Amino acid sequence: MRLFEHANYPFLQWRRRAYILSAVLILGGVAMMVRNAVQYGSWLNYGIDFTGGTTVVVRFDRPVAVEQIRAVAPDWEISHFGSDREILIRFGGFQQALGQDAAARVTEALRRRFPAGSFDIERVEAVGPKVGQELQRKALIALVMANLLTLVYLAIRFEWRFGVAAVAATVHDILITLGILATLRTTISTETVAAFLTIVGYSLNDTIVIFDRIRENLRQPGAGRHLAETLNRSVNETLSRTALTGGSALATLLSLMIFGGPVIREFAVVLTLGIVVGTFSSIFVATPILYEIEQRWPSPQLQGARVPAARTAGARR
Amino acid sequence: MSKTLLYRFALIAGLVLLAAGLVWRRGINLGLDLQGGTYLALELDRSQLRGELPPDAADQIVQIIRTRVDELGVAEPSIRKVGTDRVVVELPGIRDEQRAKEVILKTAFLEFKLVAQPDNVDALLRRLDRAVLEALGPQAAHAGPTSPTGPTPAGGLFRPRGTDTAASRDTARADTALAARPFSAKLTPVDEGVWSVAAEDTAIINRYLSLPQVQAAVPRGLEFRWAFVPRAASAQARRERLLYLLESRPILTGQYLEDAQAQRDPQLGQPEVVFRLNRRGGRLFGEATGRSVGRKLAIVLDGRVYSAPVIQDRIERNGRITLGGASMEEARDLALVLRAGALPAPIRIVEERTIGPSLGQDAIRQGWRAGLIGVALVVLLMVGYYKFSGVLAVVALGLYVILVLGFLAFLGATLTLPGLAGLVLSIGMAVDANVLIFERIREELALGRSLRAAIDGGFKNALSAIVDSNVTTLIAAAVLYQFGTGPVRGFAVTLALGVVASMFTAIFVTRTLFLFYLSRRPTAQTLSI
């Protein structure tokens, strides 16, 4: 069996449509962030890792409705967690400011309505406001650092045009993933940041495989004169690999999403969407942007005639 | 079999056996999110510091907390300094995290202070009343004019200034006497220098005592301190609290403490803590108590008065702290922290995560199931698409998993829940290198190369893509490690190990398997790929 054996899709010719799609997704995401900012006060649904605060997970011995808990404590933020027997409670203040231990507080409040022994405190997480602010700063630094280092690495291994195109595609992925997070109102935790950086890594991975093929194909004499054709050929030649690797990653993620339990699920959802976006962007963003850059600021060694002399200096560097 | 092939197999077998042995012998550290337990990030509280902070305060705190935690009997606790002011405590598999937290957080600063005997208590209280009125004005001061026995006007306690209704003003007029003494009206004398305060008034008294004007009015060298309330105190006992006026200068501190034990008071059967001072402490204590026979001596721990017995006679090395209504466990914990010594500075929690053991077990079970199903899907995909070569890739994948686990065991790294997810995902991504190689081999075969040349060419052509793409993933992992805390770091470690191990298995192991195949069938011209 061979997928895409004689694939010859004119990907580059479709780039306008791809740009429009990307623009719509990004703008839609921004619109959702603005809506969130207006409606909920923050553009993303930051979890306590970032804002500071306390969450408590309680497991009951039978299914409970959110309303039943709300009747006990109307000012808590309450949601189901994983199953209908587990409840996630979140309150804003950090426990020490409230002067009482979070677990004790929840237990005391629930006792009024539920018999002792019918519920168990499963998990308590409390993050002070100072720690949360530190984390926000660190997460931002991490994203910027990861992109900068990659840019440098690609500039050394390929050429600056490749580096810029790859990072542009990564920023595109980050923006769209943020938009999705804003739309789904997924809780942003440190794990989400981890997922995010994995997406950055995967998307680059994917882009580099295509770029590696482009680098190789450009070494053939005269490739520079038919740049669009060369780029298209490179994407088509790596298409089966893209499908298979993407498929394997998605298979494991799908399994994590379905069977991995509530803690992993959000993490897996973010990764899945990110990998889909990352695969899309390698073909429809990174490669076209490389093309556009090459059109505007052509590299001297791709001027056709001078290829044999200059290719090791530029494309291979 | 050729010699190179033999070496290759020997190297692979050696590494795999080493990895398997490491996993077998050392096991894999499971993170708190997988086995349950408590994570605490503590910070020195510089705002509550008395005097200078020793430069190695955080190290001392690590030592003292380790002693305390060891006595609690937690298996394999991890206590370490982070930065200059922070200490991270990890207590895996702990049951009663509430108790552990109290034991850890207690500063355990023990002081012995005499209860004050001011010449004119009434004059002192009047001065404090005036200071409150001066600070808050008559409006605010009458906001809570309740005596422990008097009626409480509904909602009057915390009514903000300026929102008074006519009704409450009437109440105020009826209570003009009380309004003039906002502070002393809430105190009921119990003994010289000791008052009782209704529990609901403690907050407002605290507020009054924290006013700068009031602090200025308290005579130099004296201080107010609340009594300690045991965790097991009855509702009856909680209804009111004692307030002591003490001499600020302690006659002795806990630094001379040699031993402390919990026991039951032989007469009443109440839990109490008996302690022994060292020789020097005993001498100092003897002199001080000998001078003050007949006065009350307050035993103050972390700013709370535990008891204030009258000194009957000179006390030398042995003393006791009665705990009034505490449980035996509380007494034992107190003895424990006294033995371990006082922290050089108060600490507070800045981050806390507690995961119940059953949640951790669920996470592991679900993680395993998700992982196995995910791997099964990848195996199906690879074998279905690449047939025999796919089987080789799956063998390499199996070795990959063993190697990663071996690495984790070797580094003593901790496998967290995101780490487990990262491991599963890395399996999906580990096939990438093999996919790249197989695609190249197919291309070479399609160009009509001989099998051997096609395999060599496939590996050679795929190498640059594999290296470049994996290095960028390593960059992301390194950044993640730098930025991350506990669970995220675990994820970064597994991700990075996964990348390194997958490069080895995909390139070296698969190649060896191909070479082996070729050596067994030197004439083969086709390959199931």
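Note that the structure is a prediction, hence the values are computed from the model and not measured.

Q: Explanation requested: the nonpolar core in the structure shown.
A: Soluble globular proteins tend to bury their nonpolar side chains together. Counting residues in each nonpolar core, the largest one holds 238 residues, and the members touching the most others are Ala 166 and Leu 197 of chain A together with Val 273, Leu 338 and Leu 480 of chain B. Ignoring sequence-local partners within four residues, the contact set of Val 273 of chain B consists of Ala 260, Gln 261, Ala 262, Arg 320, Ile 321, Leu 323, Ala 331, Leu 334, Ala 335 and Leu 338 of chain B.

Q: Where do I start with the interface of chain A and chain B in this structure?
A: Much of the literature gives interface size as the accessible area that the parts lose upon coming together. On the side of chain B, 55 residues touch chain A, which itself brings 59 residues to the contact. Classifying every residue of the side of chain A that touches chain B by side-chain character gives 33 nonpolar, 15 polar and eleven charged. As judged from the five bridges shared by strand 5 (residues 119-127) of chain A and strand 16 (residues 347-355) of chain B, these two strands associate in the antiparallel manner. Opposite Val 127 of chain A, over in strand 16 of chain B, you have Glu 351 of chain B as the bridge partner.

Q: It is not clear to me how the domain arrangement of chain A should be interpreted in this structure. Could you clarify?
A: Here chain A is partitioned into domain 1 (11-39 + 132-310) and domain 2 (53-127). Computed over C-alpha atoms, the centres of domain 1 of chain A and domain 2 of chain A are 40 Å apart.

Q: Can you help me understand unusual backbone geometry in this one?
A: A negative phi angle characterises most non-glycine residues, just as the trans form characterises most peptide bonds. Positioned with a positive phi, Arg 185 of chain A is a non-glycine residue whose angle comes to about 50°. Take Arg 185 of chain A: it is sitting in the loop between helix 7 (160-184) and strand 6 (187-188). Positive phi, normally seen in glycine, also occurs at Asp 302 of chain B, with a value near 50°. Among the structural elements, Asp 302 of chain B can be located in the loop between strand 13 (297-301) and strand 14 (304-307).

Q: How should I be thinking about the sheet that holds strand 5 of chain A in this particular structure?
A: Within a sheet, adjacent strands bond to each other through the backbone by hydrogen bonds, running parallel or antiparallel. The strand order across the open sheet formed by eight strands is 3(A)-4(A)-2(A)-5(A)-16(B)-2(B)-4(B)-3(B), and the pairing between neighbours is antiparallel. Each edge of the sheet is formed by a strand with only one pairing partner; in this case those strands are strand 3 (77-81) of chain A together with strand 3 (78-82) of chain B. Each strand of the sheet is rotated relative to its neighbour by a mean of 20°, with strand direction disregarded. Most of the contacts of helix 6 (residues 129-157) of chain A go to strand 16 of chain B, to which it runs at about 75°, and overall it touches strand 5 of chain A together with strand 2 (37-44) and strand 16 of chain B.

Q: Which parts of the structure should I look at to understand the pairing of strand 9 (residues 240-247) of chain B?
A: Two faces make up the sheet, and in a regular strand the side chains alternate between them. Residue and element names in this part refer to chain B. Relative to strand 9, strand 7 (residues 194-198) runs antiparallel, the two being bridged by five bridges. Within strand 9, the residue paired with Ser 196 across the bridge is Leu 242. Looking at chain direction, strand 8 (residues 222-226) and strand 9 are connected through five bridges and run antiparallel. Along strand 9, the bridge assignment pairs Leu 222 with Glu 247.

Basis of the calculations
- Residues numbered from 1 in each chain as written.
- Chains lettered and ligands numbered in written order.
- Predicted model: local features only at pLDDT ≥ 70, side-chain atom pairs only at ≥ 80, totals over all residues.
- Core = buried A, V, L, I, M, F, W, Y, C linked by C-beta atoms within 7 Å.
- Buried ≥ 20, exposed ≤ 12 C-beta atoms within 10 Å, placed from the backbone.
- Contact = placed C-beta atoms within 7 Å.
- Nonpolar A, V, L, I, M, F, W, Y, C, P; charged D, E, K, R; others polar.
- Pairing = 2+ DSSP bridges.
- Helix = DSSP H or I, 4+ residues; strand = E, 2+ residues; numbered from the N terminus.
- Domains from an automatic or database assignment.
- Axes fitted to C-alpha atoms, helices over the stretch in contact; angles between N-to-C directions.

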